[in-house]
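Chain and residue survey
Letter by letter, the chains look like this.
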Amino acid sequence: MTPPPRALLTTLAPAAADVGPDPGAVASLGPSLRANPRLGDWLDLTGPGQVRVRSGKVELGQGIDTALAQIVAAGLGVDLARVTMAPPDTVSSPDEGYTSGSLSVQHSGAALRQVCAEVRAACQQAAAETLACEVTDISMDDGTFRCADGEVDYWSLATADILGQQATGLSLPDPGGDQSVVGTSVPRLDLPAKVVGRYRYIGDLHPPGLVHARMVRPPSRGCELMAVDLEPVRRLPGVRLVVREGSLLAVVADREEQALRAADALASACHWSTSKVSPLDARQSSFEAGAVTEVLQEDPDEADAPGSATGSLTSTYSRGYLAHASIGTSTALARWDGAHLQVWSHTQGVFPLRAALAGALGIPEQSVDVTHVPHAGCYGHNGSDDVAYDAAMLALWLPDHTVRVVWSRQDELSWAPVGPAMRACLSAQVDADGAVTSWTHDVWSNGHTTRPGSMPERAFLSQALADGIPTPTAVDPPLARGAGAGRNAVPGYDIPHRRVRVHRLTDMPVRTSALRSLGAHLNVTAIEAFIDEIAQQAGRDPVQYRLDRLSDPRGRRVLQRVAELAGWESRAAGQHGEGAGFGVGYARYKNMGAYCAVIAQVRLVDSVDVVALTVVVDVGQVVNPDGVANQIEGGAIQAASWTTREAVRFDGPHVSSDTWESYPILRFSEVPRVTVDIVDRPDQPALGAGEASIGPTAAAITNAVADALGVRVRTLPITPDAVVAAIAEAR
Amino acid sequence: MDTPDPTEAVSTVRVNGVSVAVDCAPETALLYLLRNDLGLTGAKFGCGQGLCGACTVLVDGRPVRSCETPVWTVTSRDVTTVEGLAPEGAPTVLAEALGRHQAGQCGFCLPGIFVTASALLRQDPGVDEATVRLALDPHLCRCGSHNRIVAAVLDAAAQSTADHASAGSG
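Fair warning: this is a prediction, and the values are worked out from it, not measured in the lab. Counting of residues starts from 1 at the beginning of each chain's written sequence and follows it residue by residue. Note on labels: chains are lettered from A, ligands numbered from 1, in written order. Per-residue local features are limited, in this predicted model, to residues with pLDDT of at least 70; the limit for side-chain atom pairs, both in listing and counting, is 80 or more; totals at the level of whole chains, interfaces and linings are taken over all residues. As a rule here, side-chain values cover all heavy atoms of the structure and leave hydrogens and water aside.

1. Remarks on the overall build of chain A
Only DSSP runs of H or I with at least four residues qualify as helices, and only runs of E with at least two residues qualify as strands; both kinds are numbered from the N terminus onward. When you go through chain A residue by residue, the secondary structure sums to 20 helices and 26 strands. Seen through its C-alpha atoms, chain A measures out along the principal axes to roughly 85 × 75 × 50 Å. Whether a residue is buried, partly exposed or exposed follows from its accessible area with a 1.4 Å probe, protein chains only, as a fraction of its type maximum: under 20%, in between, or over 50%, in that order. For chain A, with 731 residues in total, the buried portion stands at 62%. Here, residues are in contact when the closest pair of their heavy atoms is within 4.5 Å. Intrachain contacts of chain A at a sequence separation of at least 6 include 78% that bridge at least 24 residues. The average position of the 60 basic charges and that of the 83 acidic charges among the side chains of chain A differ by 4 Å. None of His or the chain ends enter the tally, which takes Lys and Arg as positive and Asp and Glu as negative. By convention, charge coordinates are those of NZ in Lys, CZ in Arg, CG in Asp, or CD in Glu.

2. Thoughts on helix H11 (residues 350-361) of chain A
All names here are of chain A. End to end, H11 covers 16 Å across twelve residues, agreeing with the expected 16 Å (1.5 Å per residue, within 8%). Counting buried positions over the twelve residues of H11 gives nine, a clear majority of the element. Listed as buried for H11 are Val350, Phe351, Pro352, Leu353, Arg354, Ala356, Leu357, Ala358 and Leu361. Of the surrounding secondary structure, the elements contacted by the buried residues of H11 are strand S15 (341-345), strand S16 (368-372) and helix H12 (384-397). Backbone geometry just downstream of H11 places Gly362 in the positive-phi region, at approximately 70°. Here, expected helix span is obtained from the residue count minus one, scaled by 1.5 Å.

3. Looking at the packing of helix H5 (residues 64-76) of chain A against helix H6 (residues 104-131) of chain A
Residue and element names in this part refer to chain A. The angle between two axes is taken between their N-to-C directions and runs from 0 to 180 degrees, where each axis is a line fitted to C-alpha atoms and a helix contributes only its stretch in contact. Contact pair H5 / H6: the axes reach a minimum separation of 8 Å and the direction vectors enclose 25°. In terms of orientation, H5 lies roughly parallel with respect to H6. In this structure, the crossing between H5 and H6 has a hand that is right-handed. Listed contacts from H6 to Ile64, Leu68, Ile71, Val72, Ala74, Gly75 and Leu76 of H5 are Ser104, Val105, Ser108, Gly109, Leu112, Arg113, Cys116, Val119 and Arg120. Under the scheme applied here, ten amino acids are nonpolar (Ala, Val, Leu, Ile, Met, Phe, Trp, Tyr, Cys and Pro), four are charged (Asp, Glu, Lys and Arg), and all others, including Gly, are polar. Among the residues forming the contact of H5 with H6, the class breakdown is ten nonpolar, four polar and two charged. Reported orientations rely on four angle classes, namely roughly parallel under 35 degrees, roughly antiparallel over 145, roughly perpendicular from 65 to 115, and oblique for the rest. Helix crossings are classified by the rotation of the near helix relative to the far one: an anticlockwise turn of less than a right angle makes the crossing left-handed, while a clockwise turn makes it right-handed.

4. Quick notes on unusual backbone geometry
Residues and elements named next belong to chain A. The omega torsion across Leu716 and Pro717 is 0°, close enough to zero to call that bond cis. Among the secondary structure elements, Pro717 is positioned in the loop between helix H19 (694-709) and helix H20 (720-730). With a phi angle near 65°, Asn591 is a residue other than glycine that sits in the positive phi range. Here Asn591 shows up in the loop between strand S21 (580-588) and strand S22 (595-604).

5. Concerning the environment of B:Arg14
All names here are of chain B. Tracing the sequence through the fold places Arg14 in strand S1 (residues 12-15). Taking the C-alpha atoms as reference points, Arg14 and Gly89, 75 residues apart in sequence, are found 22 Å from one another. In this structure Arg14 touches Ser19, Arg77, Asp78 and Val79, once residues within four positions along its chain are discounted. Side-chain polar atoms of Arg14 contact the backbone oxygen of Gly17, separated by 3.3 Å. Polar contacts here mean pairs of N or O atoms no more than 3.5 Å apart (in protein, one a potential hydrogen donor and the other a potential acceptor; neighbouring residues in sequence count only if both atoms are side-chain atoms).

6. Structural notes on the interface of chain A and chain B
Taken together, the contact pairs 63 residues of chain A with 53 residues of chain B. Area buried by chain A at its contact with chain B is led by A:Val195, A:Ile327 and A:Phe668, which between them contribute 19% of it. The salt bridge definition used is simple: a Lys or Arg side-chain nitrogen within 4 Å of an Asp or Glu carboxyl oxygen. Where chain A meets chain B, there are eight salt bridges. Residue B:Glu27 pairs with A:Arg261 through a salt bridge whose shortest N-O separation is 3.5 Å. Here chain A and chain B share 34 residue pairs in polar contact (both at pLDDT 80 or more) between them. At the level of elements, helix H8 (191-195), strand S7 (210-216), helix H10 (256-268), strand S17 (402-406), helix H18 (625-645) and strand S26 (673-678) of chain A are the ones that each hand at least two residues to the side of chain A that touches chain B. Per element, the largest residue contribution to the side of chain A that touches chain B is ten residues, and it comes from H18(A). Here the quantity called buried area is the total loss of accessible area, with a 1.4 Å probe, experienced by two parts when brought into contact, counted for both.

7. Re the environment of A:Ala117
Residue and element names in this part refer to chain A. Looking at where Ala117 falls in the secondary structure, it is placed in helix H6. Among the residues examined, Ala117 registers a relative accessible area of 5% and is labelled buried. Each residue touching Ala117, except ones within four places of it in the same chain, is listed here: Ser171, Leu172 and Pro173.

8. Remarks on the sheet that holds S1(B)
All names here are of chain B. In space, the five strands of this open sheet follow the order S2-S1-S5-S3-S4, with mixed pairing throughout. Single-partner strands in this sheet number two, and they are strand S2 (18-21) and strand S4 (62-65). Between one strand axis and the next, the sheet turns through 40° on average, direction left out of account. Each pair of strands is called paired provided DSSP finds at least two bridges between the two strands. In terms of strand pairing, S1 meets S2 through four bridges, oriented antiparallel. Within S2, the residue paired with Val13 across the bridge is Val20. Taken strand by strand, helix H4 (residues 110-123) contacts strand S3 (56-59) and S4, and its axis lies near 35° from that of S3.

9. Observations regarding the confidence of the model for chain B
Should the pLDDT be low somewhere, the predicted coordinates at that spot are not to be read in detail. Mean pLDDT over chain B works out to 92, with 92% of the residues at or above the 70 mark. Overall fold confidence for the complex sits at a pTM of 0.94, while the interface term, ipTM, reaches 0.94. Residue-level confidence of the predictor is summarised by pLDDT, bounded by 0 at the bottom and 100 at the top.

10. Describing the packing of aromatic side chains
For any two aromatic rings, the description comes down to two numbers: the centre-to-centre distance and the angle of the planes. Residues and elements named next belong to chain A. Stacked, edge-to-face and tilted are the three classes for Phe, Tyr and Trp ring pairs, Trp counted by its six-membered ring, which pair at centre distances within 6.5 Å; planes under 30 degrees apart are stacked, over 60 edge-to-face, the rest tilted. This model, assessed by the stated rule, comprises eight aromatic pairs over all chains. Centre to centre, the rings of Tyr199 and Tyr201 are 4.9 Å apart; their planes meet at 65°, and the pair counts as edge-to-face. Each member of the pair Tyr199 and Tyr201 is classed as buried. Consider the rings of Tyr321 and Phe650, whose centres lie 5.7 Å apart with planes at 75°: the pair is edge-to-face. With Tyr321 in the loop between strand S13 (311-319) and strand S14 (331-336) and Phe650 in strand S24 (residues 650-651), this residue pair connects regions lying 329 residues apart in the sequence. Here Tyr321 falls in the buried class, since its relative accessible area comes to 2%. Three or more aromatic residues joined by ring pairs make a cluster, and in this case those are Phe145, Tyr154 and Trp155. The criterion for a charge sitting over a ring is simple: Lys NZ or Arg CZ within 6 Å of the ring centre, and within 35 degrees of the ring normal. When the ring centre of Tyr98 is taken as origin, the NZ or CZ atom of Arg451, which lies over that ring, is 4.7 Å away.

11. So, the nonpolar core
All names here are of chain A. Counting residues in each nonpolar core, the largest one holds 84 residues, and the members touching the most others are Trp439, Ile534, Leu559, Leu613 and Val615. The contacts of Leu613, once residues within four sequence positions are left out, are Val598, Ile599, Ala600, Ala636, Pro672, Arg673, Val674, Thr675, Thr697 and Ile701. Core analysis: the next-biggest nonpolar cluster, separate from the first, contains 50 residues, Leu68, Val72, Ala74 and Leu157 among them. Throughout this description, the term nonpolar core refers to a set of buried Ala, Val, Leu, Ile, Met, Phe, Trp, Tyr and Cys residues connected via side-chain atoms within 4.5 Å.

Spelled out as structure tokens, the structure:
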């Protein structure tokens, strides 16, 4: 295929070597490429006919490997089949921090696009010299440069010199890209192996000399280990090591079933203190105690708000703590040879994990390496980093053995970080036409991250148990990065006199951290429910009421489109059977990411059933439309599960929801039909897709329940019990 | 059929049509024998309590949770894993349908679902959607791929029925 002439000219315009670094161009490289400017950090062309791609972003199940491979195939002009993705590791991958925040296509994708443009331009220049022709006379097809006098490909050119250079920002990627690859629903590279069980997840690694470890956790947070006799456990068959440090306990055995039996025996031998820790209940006003307040938005002239208001509304919404509830449990392998520690982990960030492990274990950072190996779906900061510490710590006890730690399901549901419980209080003044004249949003929550990289020290679970120290207090990302508890707390509508405040709770009875969409799940639900309450009081149609105060044309487009697709106007006719309800939800993720609007249809008879979800998104440029649809659909189903089923449940200090029976998630016969429609914006920057549908889906379901019941349920999850409580309160 | 005895050491188990010698305690869960001794890692550990379906294999053609199936109970029975149902280099109608529908994200639940769906299609090639959903209810999926998986299983059923019909008429 011949590159379009415009692209050719832009990629060839200035020869990088002649011009030298241009500070302005370098600044435009984006964060990932500025931090890792060497072209060869990203691409490896040493295998004949092969393109090996190194990205710092990890495959979490979201399909990022396929999207990035597409970007490289298009950028270099090679067949996708030539492209393979190297697993990120601290030895040879670019450091891109964490894979989080729906930023991988923006950051890593932009870096790879730029790297490919520079490598392609330099290779084309080199090809012209080799073939003794003009660069403008060269065509290119699947990695081979041709002119009338001959041909040469990427792999026969001296690419080592080119890849040794630093990115300059001077060769520009073709903004449209190669539409035969980017913008196309190419099948996921990983799926053929996954469907038949041949994909290698972290727990499937079985190096020679593998030994098996299990952790034994306290019955509840706040319990201390008073006494335990380790000797009988040490004498069990196959047991190599029994570790106790403070309240931290672990066993290592030759065989996995031996480790399990030893862990059971160890658990039975423990005497624990009682715990005084009690979790926070976001449904109660006592949840608001002991907070650090930060103002996210305060419009001027608050005190002089127009006096036209004729009424006011106040409502409070809440959600419980949410578990990640990945189908796999946290797993890691580690090996210590006396001088070097190798860790295999499904972490979201190999470099931050390495730094934290080195600090925690007192080993120089250059003596530690972390390799990412995929695992079951990751939706945020789960137990992956904690279990990596467990494996690393145990490997130091058993030099020259590879230790594999697999958490139990109970460990996972009781001890992995959870998404924080949240409480949001909204109030508004409204004029005679139903327009909002002032708006306040106060949200209370623990911080949304305790990632090792965000914590000063001792952030790993087992460190806290060993040293008897309290859980470190979770923090929030800054507003510029989308905030945490305050994510999407600033309404996206044209509303005057807004005051938005985040009250971060510093007491940490339960360890909280990042879970898909962070605070956007409750904030979008609260804003969208409150907008519905105001519209209803004004006797206005909820969709029209939103459109009347949404000036962003891309926001308007998704909202109008979802109303068309879901038949919003005609919903009352025919479909509104007994117990049925319809609701709408809209948000722009982080107020700077993807636009998403959802209409939900629910049915409330004996249970709260989400029947159908219609979702419209605008994620800017789309690399893989089916990949986006899959992420949006998956997010919508996960949000439906959170919103109607899920909360971590407690019996005093004890997490009682520690099995799939006590922490139910939506099953095959319970999931809604989902229709996803993507507004195509090939000329706009990519905005990320992974988290956009969570908030709007939860909001649409919440509003649909209110439509069905005629009573508003303001506590999530909307279980039958919550419905009964809301009806009782309304009377 | 001999009645298995839990106190006796298990000597052989038949897995994917091959008798394999085993050397583990008889109460060991079948899952660990498959994964750690036989290198058959298609069945996954998800909960160890038979509640998520990730470890599903067939015993005498019926889906069971291998995480809570002691090895001694499967002597003199036929164990079939996902590797046996979809051998390398032999694409199956179901695998192709799952690929066509891009029916997965992390994919961790898929091998177990593949096993249950294969047994279902073998038993009832004309299954309807409600039957598929009910059959897959013991399997948990967290990424939200449910509807694509159901569509793929129905697609595979239609394909099998069509193949069967054309084979019958030919």
